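Understanding the architecture of this molecule
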Amino acid sequence: MKSVCLLLCSLLLYCHVHAQEEKRNEIAVAIGHAHISKGLNENGDRKWLIAASWSLDYNYNFNKKWSLGLHNDIILDDFDVEREEKVINRKFPVSSCLVGAFRPVEKLAVMLGAGGEFSSGESFFLGRIGVEYGFELAKSWELSPGITYDIKFNGYDTWVVSLGIGKKF
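For clarity, every value in this text was computed on a predicted model and none was experimentally measured.

Parameters and conventions
- Residues numbered from 1 in each chain as written.
- Predicted model: local features only at pLDDT ≥ 70, side-chain atom pairs only at ≥ 80, totals over all residues.
- Heavy atoms only, no water.
- Helix = DSSP H or I, 4+ residues; strand = E, 2+ residues; numbered from the N terminus.
- Buried < 20%, exposed > 50% of the residue type's maximum accessible area, 1.4 Å probe, protein only.
- Contact = heavy atoms within 4.5 Å.
- Areas by Shrake-Rupley, 256 points an atom, 1.4 Å probe, with all protein chains shown as cover.
- pLDDT = per-residue confidence, 0-100.
- Salt bridge = Lys/Arg side-chain N within 4 Å of Asp/Glu carboxyl O.

1. Some thoughts on the overall build of the chain
What the chain contains, in helices and strands, is one helix and eleven strands. Along the chain, helices and strands appear, N-terminal first, in the series α-β-β-β-β-β-β-β-β-β-β-β. Each of the 169 residues in the chain was classed as buried or not, and the buried ones make up 35%. Within the chain, contacts between residues separated by at least 24 positions form 49% of all contacts whose residues are at least 6 apart in sequence. As displayed, the chain has an accessible area near 10500 Å², and 65% of this comes from carbon and sulfur atoms.

2. Re the confidence of the model for the chain
The share of residues in the chain with pLDDT of 70 or more is 88%, and the mean pLDDT across the chain is 89. The low-confidence segment residues 14-19, where pLDDT is below 50, has zero contacts with residues more than four positions distant or belonging to other chains.

3. A few points about unusual backbone geometry
It is generally the case that most residues other than glycine have a negative phi and that most peptide bonds are trans. Its identity as a non-glycine residue notwithstanding, lysine 139 has a phi of 55°, on the positive side. Position of lysine 139 among the secondary structure elements: in the loop between strand 9 (135-136) and strand 10 (141-152). Judged by its relative accessible area of 70%, lysine 139 is exposed. Phi is positive for asparagine 154, which is not a glycine, with a value near 60°. As for its position among the elements, asparagine 154 is in the loop between strand 10 and strand 11 (157-168). By relative accessible area, which is 58% here, asparagine 154 ends up exposed.

4. A closer look at the pattern of salt bridges
Opposite charge on two side chains makes pairing possible when the charged atoms of those side chains draw close. Within the structure shown, the criterion is met by eight salt bridges. Between arginine 128 and aspartate 73 there is a salt bridge, with its nearest N and O atoms 2.4 Å apart. Taken as a pair, arginine 128 in strand 8 (residues 124-133) and aspartate 73 in strand 3 (residues 66-75) lie far apart in primary sequence, 55 residues in all. With relative accessibility at 3%, the residue arginine 128 sits in the buried group. The salt bridge involving arginine 90 is made with glutamate 117; its shortest N-O contact spans 2.7 Å. One end of the pair, arginine 90, is in strand 5 (residues 86-91); the other, glutamate 117, is in strand 7 (residues 108-118), with 27 residues separating them in the sequence. In this structure arginine 90 comes out as buried when scored by relative accessible area, which is 0%. Connected through salt bridges with shared partners, the residues Asp73, Arg128 and Asp150 form a single ionic network.

Written out as structure tokens, the structure is:
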């Protein structure tokens, strides 16, 4: 009887501690608008272009302040950019970045990362900075508006304004 009681108490303690653990993983999908510098219009004139984009992100939260994630984006357009007086065609470019995030306050994340943008023809190394704010929803869901800035070295720069929905598990 004593061992059964000890087993039940241990099981209850484990369940209580496990239930209080923070959810460390998060997967999110976002829709956004990419603002592309050095874009060229149909006449070949340089101007900022705006294109739709989608993101699929995974983050691992080490604690309440720090996380590390893999952020993947696709711009849903075919466009031309100017680089060193040369025209480069980008067909649905895909970006993949390893991103670290710091939360100076509870729901605000400041991000910094590096990765690459890949498209037919030419790929670019990129650096990313960004910020997003998470609004908690029911059952570990979160709504996150965000802004990121990608610097494509030897290429062009992109601002992305997005709205994402994520699930913590």
